[in-house]
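# Secondary and tertiary structure notes
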Amino acid sequence: MKKTLLSAAVGAAILGAASAASAGTLQDVKAKGFVTCGVSQGIPGFSNPDDKGEWSGIDVDYCRGIAAAVFGDAKKAKFVALSSKDRFPALQSGEVDVLTRNTTWTISRDTSLGFNFRTVNYYDGQGFIVKKSLNVKSALELSGAAVCVQQGTTTELNLADYFKANNLQYNPVVFEKEADATSAYDAGRCDVYTTDQSGLYAIRLKMKAPDENVVLPEVISKEPLGPAVRQGDDQWFDVVSWVHYAMVNAEELGITSKNVDEMKAKGGPDIKRMLGSEEGTKIGTDLGLTNDWAYNIVKLVGNYGEVFERTVGPNTPLKIQRGLNALWNKGGLQYAPPIR
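Calculation rules
- Residues numbered from 1 in each chain as written.
- Predicted model: local features only at pLDDT ≥ 70, side-chain atom pairs only at ≥ 80, totals over all residues.
- Heavy atoms only, no water.
- Helix = DSSP H or I, 4+ residues; strand = E, 2+ residues; numbered from the N terminus.
- Rg over C-alpha atoms; globule rule 2.2 N^0.38 Å.
- Buried < 20%, exposed > 50% of the residue type's maximum accessible area, 1.4 Å probe, protein only.
- Contact = heavy atoms within 4.5 Å.
- Areas by Shrake-Rupley, 256 points an atom, 1.4 Å probe, with all protein chains shown as cover.
- Lys, Arg positive; Asp, Glu negative; His and termini not counted.
- Charge placed at Lys NZ, Arg CZ, Asp CG, Glu CD.
- Phe/Tyr/Trp six-rings, centres within 6.5 Å; stacked < 30°, edge-to-face > 60°.
- Lys NZ or Arg CZ within 6 Å of the ring centre and 35° of its normal.
- Pairing = 2+ DSSP bridges.
- Axes fitted to C-alpha atoms, helices over the stretch in contact; angles between N-to-C directions.
- Parallel < 35°, antiparallel > 145°, perpendicular 65-115°, else oblique.
- Nonpolar A, V, L, I, M, F, W, Y, C, P; charged D, E, K, R; others polar.
- Disulfide = S-S within 2.5 Å.

## Re the overall build of the protein chain
For the protein chain, the count of helices and strands is 15 helices and 14 strands. The C-alpha atoms of the protein chain give a radius of gyration of 21 Å, which matches the 20 Å a tight globule of 340 residues would have. Within the span of the protein chain, comprising 340 residues, buried residues form 54% of the whole. Looking at the protein chain alone, contacts between residues at least 24 apart form 73% of all its contacts between residues at least 6 apart. Total accessible area on the protein chain stands at roughly 14600 Å², and carbon and sulfur atoms take up 51% of it. Side chains of the protein chain give 37 positive and 39 negative charges; the mean places of these two sets differ by 2 Å.

Structure representation (structure tokens):
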């Protein structure tokens, strides 16, 4: 969601990233006994701690899926809350093994930052939230508005581009921290707040009067959100990527956390191959894991649809429809290569 601009300090850390990756992240993770995931500082539905410090959300469950694949135990995951500013140095330095923190995949991050992206666990786009009392139905009606935005992010650049392209005027009200920007909007210091639409729904839940705020229909950018790892470690890159692909394939094949044992015993060849019960399969060991890696993901965390529904779906406070995040054969963009 928050997309911090490249800085000299971040760029200088790339040498450290190459060194950290070359050590073999999967081996390091196995040796320490848990996977360390960089997450947000608190976005409901994506990565958010409760009063007891227990984390939940779609990005959190991705991390737990990695732990399930590597250890056969979804609880062997440690979460490090990172700001937009701190997330990239934390991954580059090796403080975290993977960034599962609502981060947009862009060419600069995929190249000059020294990261690798492959999977998208949530297709998103930047939007706007306003008070209902403004009686605004479209972002095209926002000329002259004061807009709260987080400083030093591509969200800020997208905002400028959108208003310029539509010949609209606006007054930016910038804050270093997301929490300060949203608090200012909630207190009436600005007319509008902008970030990714999923974040807008999550932030609205924390406002003093959530029902008095409305998310406008315009989506002004493409925001493919997914995990990032350091370049130079193909094995770890494969493990992190195939965790997502296993969840998507499981949903497509009708494998759920409730029926996975039955499917493992009685399913067809493609299901048995995926779940590790096909005789002679080496898919798991080729990844550096056990052959029941995908079974463990589905059994302990769930398929992609299960995770979506319990974290951000229509029956959660966020009430987000699948939309672009539906399976490819149901009108969405979620598509996974075959496991064979």
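Resuming the write-up.
## Considerations on helix H8 (residues 178-186)
Those residues of H8 that sit buried are Glu178, Ala181, Thr182, Ala184, Tyr185 and Asp186. Looking at the packing, one finds that the buried side of H8 touches strand E8 (126-131), strand E9 (145-150), strand E10 (170-175), strand E11 (192-196), helix H9 (197-205) and strand E12 (213-215). Following H8 by one or two positions, glycine 188 adopts a phi angle in the positive range, close to 90°.

## Considering the packing of aromatic side chains
Applying the stated criterion across every chain, the model contains 12 aromatic pairs. Seen from their ring centres, phenylalanine 46 and tyrosine 122 are 5.1 Å apart, and the 80° between their planes marks the pair as edge-to-face. Linking phenylalanine 46 in the loop between strand E1 (35-39) and strand E2 (48-49) with tyrosine 122 in strand E7 (residues 122-124), this pair joins segments that are 76 residues apart in sequence. Each ring, one from phenylalanine 128 and one from phenylalanine 163, has its centre 6.3 Å from the other, and the planes form 80°; the classification is edge-to-face. Linking phenylalanine 128 in strand E8 with phenylalanine 163 in helix H7 (residues 154-165), this pair joins segments that are 35 residues apart in sequence. Note on accessibility: phenylalanine 128 and phenylalanine 163 belong to one class, buried. In this structure an aromatic cluster arises from ring pairing among Phe46, Tyr122, Tyr304 and Phe308. The ring of tyrosine 295 is capped by lysine 264, whose NZ or CZ atom sits 4.3 Å from the centre of that ring. The ring of phenylalanine 308 has arginine 322 sitting right over it, with the charged end atom 5.2 Å from the ring centre.

## Quick word on the pairing of E1
Burial within E1 is extensive, with five of its five residues counted as buried. Burial along E1 is two-sided: the face carrying Val35, Cys37 and Val39 and the face carrying Thr36 and Gly38 are both buried. As defined by bridge partners, E1 adjoins strand E4 (residues 77-81) across five bridges and the pair is classed as parallel. In the sheet register, valine 39 faces E4, and the bridge partner there is alanine 81. Bridge count between E1 and strand E5 (residues 98-99): two bridges; the pairing is parallel. Residue pairing for E5: cysteine 37 is matched across the bridge by valine 98.

## Brief notes about the sheet that holds E11
The strand order across the open sheet formed by five strands is E10-E9-E11-E8-E12, and the pairing between neighbours is mixed. At either margin of the open sheet sits one strand with a lone partner, and together these are E10 and E12. Between one strand axis and the next, the sheet turns by 30° as a mean value, whatever way the strands run. Sheet topology places E9 next to E11; two bridges connect them, and they run parallel. The residue bridging cysteine 148 from the neighbouring strand is tyrosine 193, located in E11. Each of E8, E9, E10 and E11 is contacted by H7, which is oriented at about 80° to E8, the strand it contacts most.

## Some remarks on the packing of helix H3 (residues 25-32) against helix H10 (residues 234-253)
The contact between H3 and H10 brings their axes to 7 Å, and the two run at 70°. It follows that H3 is roughly perpendicular to H10 by the angle criterion. For the pair formed by H3 and H10, the contact residues are Thr25, Leu26, Gln27 and Val29 on the first element and Gln235, Trp236 and Val239 on the second. Considering only residue class, the contact of H3 with H10 consists of four nonpolar, three polar and no charged.

## Here's the deal with the state of the cysteines
This structure, assessed with the given rule, holds two disulfides. The disulfide partner of cysteine 37 is cysteine 63, and the S-S distance across this bridge is 2.0 Å. The chirality of the disulfide connecting cysteine 37 with cysteine 63 is right-handed, given an S-S dihedral of about 85°. Residue cysteine 37 is located in strand E1, and its partner cysteine 63 is located in helix H4 (residues 58-71); the two are separated by 26 residues in the primary sequence. By the burial criterion, cysteine 37 is buried, and cysteine 63 matches it.

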